[in-house]
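# Report on the structure
Chain by chain, the residues run as shown.
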Amino acid sequence: MTIQEVSTASQKAGADDADRLVKDTGAPVPVKKRSGGPWPVHFWRSAVGKKWVMAVTGIMLLGFVLVHMIGNLKIYLGPGEINDYGEWLRRILVPALPRTVFLWILRGGLIAAFFFHIAAAYQLTRMNHAARPVKYQGGRNYVAADFASRTMRWTGIIIGLFLIYHLADFTWGTLNPDFVRGDPYGNMVHSFDKWYIAAIYIVANLALGLHIFHGAWAMFNSLGLNNPAYNRARRYFAIGFAALITIGNVSIPIAVLTGAVS
Amino acid sequence: MHVNLRVWRQAGPKAEGHFEDYAVDEVSPDMSFLELFDVLNEQLLADGVEPVAFDHDCREGICGSCSMMINGQAHGPERGTATCQLHMRKFEDGAHITVEPWRARSFPIVKDLAVDRGALDRIVEAGGYITVRTGSAPEANLTPIPKEVADWAMDAAACIGCGACVAACPNGAAQLFTAAKVSHLNLLPQGQSERYERVANMVDTMEEYFGSCTLHRECEAACPKEISIDFIAMMNRDYVKAQFKNRRLIAQK
Ligand code: SF4
Ligand code: FES
């Protein structure tokens, strides 16, 4: 066959294929139902809305993590200080409110924040997987996505599992044979004395640091709070916040392990 | 130059696809990546093999037709260029190059490297326009626009609709495209009357087809027009506002 003949034959085949295609692909079919309904429902159903909710709940959780770490650091002031602080938490707004009521209001807010943060993450992950059912067969070569952004799902899961363990260890005491209610100092020292428990806390806090490194930067975008005047500062803020929380929290099991706190 | 290509071949939308290896000799370093494919196709035709189907049109980075995933990067390794503007001198002699089509649920493969990007048109149809009577161009100085705003709107308007942002996004999201198409109108006075309607409709349509943004920034890195993710932030803000805005007061500051 001459080149001419091959070319004509394949052009004919190509034209036939194209005809078939119009029938086969047609208009792309939506993957997801269109967002709608009254505004809170509409907003939550949309991915942009969910990211906004994730950012707002993320800010609440950042606030919690910061205050929690500051409280933890009281361990360096001795058993009296940190145990008093624990008791004070239960007595906030007493006598306007009975003991622990305000603490439970705070906890309610936290539980809600966790719930919406996780629910949104779960649903968005499902949506994203549906958006690319067939992966790149030749692999990907990422240029901008960093380790933290690509592991948000996993660091999130680690933090979630750790949270349950952490509550069982220091709040309910179910997984802690030496648990004494109202003695955070003693509980911390007893737990962190065992290297494997200290290791769980250290790993979980490193995961938390990574999660914050991406989240505390990305939330500005989700909220639409970008401004070239301070875009660079957002990165510094996220690095600073992540470093502060990680170093502050990780220092405690290390201090107990090395005997600096006992 | 000599290059070893691994190219995705797929007979049609429903067909099984696979990689095929081709060696191409006598590649000039001054060729564009699409010209490499022209040479390859000549070679295939001479061998009696079906040529590789790929999208292209302007070959100067303005139409947004070309679309190749080159070594795992949308539009290849060079920043701020479309596939047609990528030159072979970017590669080493004897390089192994893997080429596959954009992959996303809403970019069905038509054939080989060609995908159907009609879903992007659905987004534009949902609000990527202003409703005015067209005619002769209005007097240019009638509507004063600050220089920064005009520049920034122009940056968004540079989007050629190639879909590299979707292709590069690990979540298959079309936020950068949609943000560019929303913002170049929402930034300007002419776009204000439909501002919130536009963003709500375009985002809702986008989400029917594509994934969601988790700020990997791969889109920004892949975009041949280097469109900034700051536009995504602006779109997010307008979308949130669109939920609360009393639209009867839009003309108020
Ligand atoms: S935003 Fe950039 S990458 Fe996305 S479609 Fe437009 S030009 Fe292409
Ligand atoms: S062919 Fe027109 S942008 Fe590449």
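Here is what the cut-offs are and how they apply
Residues numbered from 1 in each chain as written. Chains lettered and ligands numbered in written order. Predicted model: local features only at pLDDT ≥ 70, side-chain atom pairs only at ≥ 80, totals over all residues. Heavy atoms only, no water. Helix = DSSP H or I, 4+ residues; strand = E, 2+ residues; numbered from the N terminus. Buried < 20%, exposed > 50% of the residue type's maximum accessible area, 1.4 Å probe, protein only. Contact = heavy atoms within 4.5 Å. Areas by Shrake-Rupley, 256 points an atom, 1.4 Å probe, with all protein chains shown as cover. Lys, Arg positive; Asp, Glu negative; His and termini not counted. Charge placed at Lys NZ, Arg CZ, Asp CG, Glu CD. Buried area = accessible area lost by both parts, 1.4 Å probe. Salt bridge = Lys/Arg side-chain N within 4 Å of Asp/Glu carboxyl O. Polar contact = N/O pair within 3.5 Å; in protein donor to acceptor, adjacent residues only side chain to side chain. Nonpolar A, V, L, I, M, F, W, Y, C, P; charged D, E, K, R; others polar. Near = heavy atom within 4 Å. Domains from an automatic or database assignment. Pairing = 2+ DSSP bridges. Core = buried A, V, L, I, M, F, W, Y, C linked by side-chain atoms within 4.5 Å. Axes fitted to C-alpha atoms, helices over the stretch in contact; angles between N-to-C directions. Parallel < 35°, antiparallel > 145°, perpendicular 65-115°, else oblique.

When helices and strands are counted, chain B shows eight helices and seven strands. Expressed along its principal axes, the backbone C-alpha trace of chain B runs to roughly 65 × 40 × 35 Å. Counting only residues that meet the buried cut, chain B has 56% of its 253 residues in that class. Excluding contacts between residues fewer than 6 apart, the proportion of contacts in chain B whose partners are at least 24 apart in sequence is 68%. Carbon and sulfur atoms form 49% of the exposed surface of chain B, whose accessible area is close to 10,800 Å². Here chain B contributes 25 positive and 36 negative side-chain charges, whose respective centroids are spaced 11 Å apart.

The next subject is the interface of chain B and chain A. How big an interface is tends to be expressed through the accessible area that disappears when the partners come together. At the junction of the two partners, chain B supplies 65 residues and chain A supplies 60 residues. Of the roughly 5,300 Å² buried at the junction of chain B and chain A (both faces included), carbon and sulfur atoms supply 55%. Counting the contacts that link chain B with chain A gives three salt bridges. Here Glu 208 of chain B makes a salt bridge to Arg 34 of chain A, at a shortest N to O gap of 2.8 Å. Taken together, chain B and chain A are joined by 33 residue pairs in polar contact (both at pLDDT 80 or more). Looking at the side of chain B that touches chain A, the elements with two or more residues in it are helix H1 (33-46), strand S5 (96-100), strand S6 (109-111), helix H2 (118-125), helix H4 (164-168), helix H6 (195-209), helix H7 (218-222) and helix H8 (230-244) of chain B. No other element matches H8 of chain B, which puts nine residues into the side of chain B that touches chain A. Here the side of chain B that touches chain A is composed, by residue class, of 32 nonpolar, 18 polar and 15 charged.

The subject of this paragraph is the site of ligand 1. What surrounds ligand 1 is the set Cys 159, Ile 160, Gly 161, Cys 162, Gly 163, Ala 164, Cys 165, Leu 176, Phe 177, Cys 223, Pro 224 and Ile 227 of chain B. Mapped onto the shell around ligand 1, the elements with two or more residues apiece are H4 and helix H5 (175-186) of chain B.

Okay, the domain arrangement of chain A next. Domain annotation of chain A identifies domain 1 (1-32) and domain 2 (39-258). The straight-line distance from the C-alpha centre of domain 1 of chain A to that of domain 2 of chain A is 53 Å.

This part covers the pairing of strand S2 (residues 17-24) of chain B. Residues and elements named next belong to chain B. Where strand S1 (residues 3-10) meets S2, eight bridges bridge the pair, whose relative direction is antiparallel. Following the sheet pairing, Arg 9 is matched in S2 by His 18. Between S1 and S2, which pair antiparallel and follow one another directly, the connecting turn spans six residues.

Turning our eyes to something else, we now look at the nonpolar core. With 97 residues, the main nonpolar core has Leu 5, Phe 33, Phe 37 and Ile 97 of chain B as its most contacted residues. Sort the elements by how many residues they give to this core and helix H9 (residues 195-223) of chain A lands first, with nine residues. Not counting residues within four places of it along the chain, the set of residues in contact with Phe 33 of chain B comprises Met 68, Ile 70, Thr 83, Leu 86, Met 88, Phe 91, Ile 97 and Val 99 of chain B. In terms of nonpolar packing, the next biggest core, distinct from the first, is built from 16 residues, Ile 75, Tyr 185, Phe 192 and Ile 252 of chain A among them.

Residue and element names in this part refer to chain B. The element S5 is largely enclosed, with a buried count of four among its five residues. As defined by bridge partners, S1 adjoins S5 across four bridges and the pair is classed as parallel. Following the sheet pairing, Leu 5 is matched in S5 by Ile 97. Across two bridges, the pairing between strand S3 (residues 69-70) and S5 is antiparallel. Bridge pairing links Met 69 to Glu 100 in S5.

Attention now goes to the packing of helix H8 (residues 184-192) of chain A against helix H10 (residues 231-257) of chain A. Residues and elements named next belong to chain A. Viewed as axis vectors pointing N to C, H8 and H10 meet at an angle of 70 degrees, and their least axial separation amounts to 9 Å. Taken together, the axes of H8 and H10 are roughly perpendicular relative to one another. Contacts from Met 188, Val 189 and Phe 192 in H8 reach Ile 252, Pro 253, Val 256 and Leu 257 in H10. Of the residues contributing to the contact of H8 with H10, the split by class is seven nonpolar, no polar and no charged.

Turning our attention to the domain arrangement of chain B. All names here are of chain B. Taken domain by domain, chain B comprises domain 1 (3-111) and domain 2 (118-252). One C-alpha centre belongs to domain 1, the other to domain 2; they are set 30 Å apart. If you look at the interface, domain 1 gives 16 residues, while domain 2 gives 18 residues. Taken together, both faces of the contact between domain 1 and domain 2 bury some 1,300 Å²; the carbon and sulfur share is 59%. The largest per-residue losses of area from domain 1 upon contact with domain 2 belong to Gly 80, Ser 106 and Phe 107, which jointly make up 33% of the total buried on that side. In this assembly, domain 1 and domain 2 are joined by zero salt bridges. Of the residues contributing to the side of domain 1 that touches domain 2, the split by class is nine nonpolar, six polar and one charged.

Note on placement: Ala 221 of chain B falls in helix H7. On the accessibility criterion, Ala 221 of chain B (10% relative accessible area) is buried. Separated by 53 residues in the primary sequence, Ala 221 of chain B and Ala 168 of chain B place their C-alpha atoms 8.5 Å from one another. Ala 221 of chain B has contacts with Val 143 and Ala 144 of chain A together with Arg 79 of chain B, leaving out every residue within four places of it along the chain.

A few words on the sheet that holds strand S4 (residues 73-74) of chain B. Strands sit in the order S2-S1-S5-S3-S4 (chain B) across an open sheet of five strands; the sheet is mixed. Strands at the two margins of the open sheet, each flanked by one partner only, are S2 and S4 of chain B.

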